[in-house]
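Chain and residue survey
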Amino acid sequence: MAETQTTLGSLQELGAVAADEDETKAVEPQRDAQGRAYATGRRKESIARVWIKPGAGRINVNGKDQERYFARPVLRMLINQPFLVVDRLNQYDVYATVTGGGLSGQAGAVRHGISRALVNYEPTLRPTLKAVGFLTRDSRKVERKKYGKAKARRSFQFSKR
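Described below are features of the structure shown in this document. (Residues numbered from 1 in each chain as written. Predicted model: local features only at pLDDT ≥ 70, side-chain atom pairs only at ≥ 80, totals over all residues. Heavy atoms only, no water.)

Inspection of the entire model under this criterion finds eight salt bridges. Residues Asp138 and Arg140 are paired through a salt bridge, measuring 2.8 Å at the closest nitrogen-oxygen approach. On the basis of relative accessibility, which here comes to 26%, the residue Asp138 falls in the partly exposed class. Three or more residues are tied together by salt bridges with common partners; here these are Arg43, Asp138 and Arg140. (Salt bridge = Lys/Arg side-chain N within 4 Å of Asp/Glu carboxyl O. Buried < 20%, exposed > 50% of the residue type's maximum accessible area, 1.4 Å probe, protein only.)

Turning our eyes to something else, we now look at the sheet that holds strand β1 (residues 37-43). Whether parallel or antiparallel, the strands of a sheet pair through hydrogen bonds between backbone atoms. The strand order across the open sheet built from five strands is β1-β2-β5-β3-β4, with neighbouring strands paired in mixed fashion. Every interior strand has two partners, whereas the edge strands, β1 and β4 (64-65), have only one. Contacting β1, β2 (46-54) and β5 (92-99), helix α4 (residues 103-121) runs over the sheet at an angle of about 145 degrees to β1. (Pairing = 2+ DSSP bridges. Helix = DSSP H or I, 4+ residues; strand = E, 2+ residues; numbered from the N terminus. Contact = heavy atoms within 4.5 Å. Axes fitted to C-alpha atoms, helices over the stretch in contact; angles between N-to-C directions.)

This paragraph deals with the pairing of β5. Here β5 lies mainly inside the structure; six of its eight residues are buried. With eight bridges connecting them, β2 and β5 associate as antiparallel partners. Considered in β5, the bridge of Ile47 is made with Thr99.

Our next topic: the nonpolar core. Proteins that are soluble and globular tend to have nonpolar side chains buried together. In terms of nonpolar packing, the biggest core is built from 29 residues, with Ile52, Ile114, Leu118 and Leu129 touching the most fellow members. Listing elements by their share of this core, those giving two or more residues are β1, β2, β3 (59-61), α3 (73-85), β5 and α4. Considering each element in turn, this core owes the most residues, eight residues, to α4. Look past the residues within four positions of Ile52 in its chain and what remains in contact with it is Gly35, Arg36, Ala37, Tyr92, Asp93, Val94, Ala117, Leu118 and Tyr121. (Core = buried A, V, L, I, M, F, W, Y, C linked by side-chain atoms within 4.5 Å.)

You can see His112 is positioned in helix α4. Distance from His112 to Gly41, taken between C-alpha atoms, is 4.6 Å for residues 71 residues apart in sequence. When neighbours within four sequence positions are excluded, His112 is seen to be in contact with Thr40, Gly41, Arg42, Phe134, Leu135, Thr136 and Arg137.

This paragraph deals with α4. Taking 1.5 Å of rise per residue, the 19 residues of α4 would be expected to cover 27 Å, and the 26 Å separating its terminal C-alpha atoms lies within 8% of that figure. In terms of residue burial, α4 counts as a mostly covered element, since 15 of its 19 residues are buried. (Expected span 1.5 Å × (residues − 1).)

This paragraph deals with the packing of aromatic side chains. A complete count under the given rule lists five aromatic pairs for this structure. Ring plane angle 40 degrees and centroid distance 5.9 Å describe the contact between Trp51 and Tyr95, whose orientation is recorded as tilted. Taken together, the positions of Trp51 in strand β2 and Tyr95 in strand β5 put the pair 44 residues apart, joining distant regions of the chain. Residues Tyr92 and Tyr121 carry aromatic rings whose centres are separated by 5.3 Å and whose planes lie at 80 degrees to one another, so their mutual orientation is edge-to-face. Of this pair, Tyr92 sits in strand β5 while Tyr121 sits in helix α4, placing them 29 residues apart in sequence. Both residues of the pair, Tyr92 and Tyr121, belong to the buried class. Among the aromatic residues, ring-to-ring pairing joins Tyr38, Trp51 and Tyr95 into one connected group. Lying across the ring of Tyr121, Arg31 places its NZ or CZ 3.8 Å from the centre. (Phe/Tyr/Trp six-rings, centres within 6.5 Å; stacked < 30°, edge-to-face > 60°. Lys NZ or Arg CZ within 6 Å of the ring centre and 35° of its normal.)

And the structure:
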């Protein structure tokens, strides 16, 4: 049994070679023929299909302007968060179609889709968006109702007499 001796210097050389290989693997932007990037976002029961392209910052959801579709300012703020984090506000037009769930879940799905589409359009933005947590799908869902309970965990009112 021959043992291989590795010194600290040889390990550092291996690390330098691996770093060079990572730099050569530059991720290419994924764009279609019209210059748009596509991504799918999910949250709760909602699924959003999102296309982004360079523009004036218009956000169109299911054929409506974002102010008409998401009336609450909190939901509009949620959608704009990826652009604020990467300092790209009003530089991209967004077209999204959303199905399923309620408005809050749909806004979360659109945010997830915008974040993923931004990474497809500009791969250099990935570390920033990943550090903030926008590329991770929020897996929390509503807990199911159990038998013998009023809701998922709440019991019926107890009466002593």
